[in-house]
Amino acid sequence: MIRRPPRSTQGVSSAASDVYKRQMRYRALVVVGNLMGAGGFAYGKGHSPRDAVARASKAAKRDLRFVERFRDTSLLHDVRGKHNNCIVDIYAKPPGSGIVGGPLGRRILTQLGFSSFTIKARGRRTPYSYCAAAFDALSKHRSVEEIARSRGRRILEVEHAAARHARSPFRP
């Protein structure tokens, strides 16, 4: 998402003339991902849209986060994230059931490689708050191994229990 600010900064004025130079700055929000569970987001500013996107993508690649995917397509349990006044709920769905949610949420999670989920945002949904809340929710996601270890169960038992339930088999 690229935005041009409505205001502009005024440059140095000459004593002989009252000519002002306008410097336009562009701001870009970029979400990067490798479609295998790693991704990040960042803002970038620049004099041109291309420069803003390049700076944002470079900053997003420095801040990569990894999310464990269940059967390489979906989440294991429901998660909730919050940033400022934006609350994002990501609901787990069985693999192969599809994507439900707004366009920004779909783009974020498909960049990470998820193909079965429902995403719902509440509150003030500015693009940055939405991305930050979505990544906060994904940081709370626990893998099958973590849940099995915390409950003293085998990994196969946890996977079978998750396969039997359509939504949110666990309350981590």
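For the structure itself, consult the block above.
Now for a quick tour of the structure. Here the residue index of a chain counts from 1 through its sequence in written order. It should be noted that, the model being predicted, local features are given only for residues of pLDDT at least 70 and side-chain atom pairs only at 80 or more, the latter also being counted only at that level, while totals for whole chains, interfaces and linings use all residues. Hydrogens and waters are ignored; side-chain quantities use all the structure's heavy atoms.

1. Concerning the environment of Asp51
Positionally, Asp51 belongs in helix α1 (residues 49-62). Each C-alpha atom, one on Asp51 and one on Arg25, is 10.0 Å from the other, the two residues being 26 residues apart in sequence. Only DSSP runs of H or I with at least four residues qualify as helices, and only runs of E with at least two residues qualify as strands; both kinds are numbered from the N terminus onward.

2. Looking at unusual backbone geometry
Phi at Arg71 takes a positive value of approximately 55 degrees, unusual for a residue other than glycine. Locating Arg71 in the fold gives a position in the loop between β6 (65-66) and β7 (79-83). A positive phi is found at Asn84, a non-glycine position, where the angle reads about 55 degrees. Looking at where Asn84 falls in the secondary structure, it is placed in the loop between β7 and β8 (86-92).

3. Here we look at the sheet that holds strand β4 (residues 26-33)
Taken together, the four strands give an open sheet; going across it, the order is β1-β4-β5-β6, and neighbouring strands pair in antiparallel fashion. Of all the strands in the sheet, just β1 (2-3) and β6 have a single pairing partner and so form its edges. Of the pairings in the sheet, the one linking β1 to β4 comprises two bridges and is antiparallel in character. The residue of β4 that forms the bridge with Arg3 is Arg27. The contact definition used throughout considers only heavy atoms, calling two residues in contact when any of these lie within 4.5 Å. Axes here mean lines fitted to C-alpha atoms, for a helix over just the part in contact, with angles spanning 0 to 180 degrees between N-to-C directions. Against the sheet, α1 touches β1, β4 and β5 (38-46), its axis set at about 145 degrees to β5. Sheet strands touched by helix α3 (residues 127-139): β1, β4, β5 and β6. Its angle to β5, the strand with the most contacts, is close to 155 degrees. Strand pairing is assigned whenever DSSP detects at least two bridges linking the two strands.

4. Remarks on the pairing of β5
Burial of β5 is extensive: seven of the nine residues sit out of reach of the surface. The pairing of β4 with β5 spans eight bridges and is antiparallel. In the sheet register, Val30 faces β5, and the bridge partner there is Ala42. In textbook terms, the turn of a hairpin is the stretch between consecutive antiparallel strands, and for β4 and β5 this stretch comprises four residues, one of which, Leu35, has a positive phi near 65 degrees. As paired strands, β5 and β6 are joined by two bridges and run antiparallel to one another. When the bridges of β6 are listed, Ala38 appears paired with Phe66. Burial classes: relative accessible area under 20% of the type maximum marks a residue as buried, over 50% as exposed, and values in between as partly exposed (1.4 Å probe, protein chains only).

5. Some points on the side chain of Ser129
Mapped onto the fold, Ser129 is located in helix α3. Classification of Ser129 as buried rests on a relative accessible area of 7%. When residues no more than four places from it in sequence are discounted, the contact partners of Ser129 are His83, Asn84, Cys86 and Arg124.

That is the geometry; function is a separate question.
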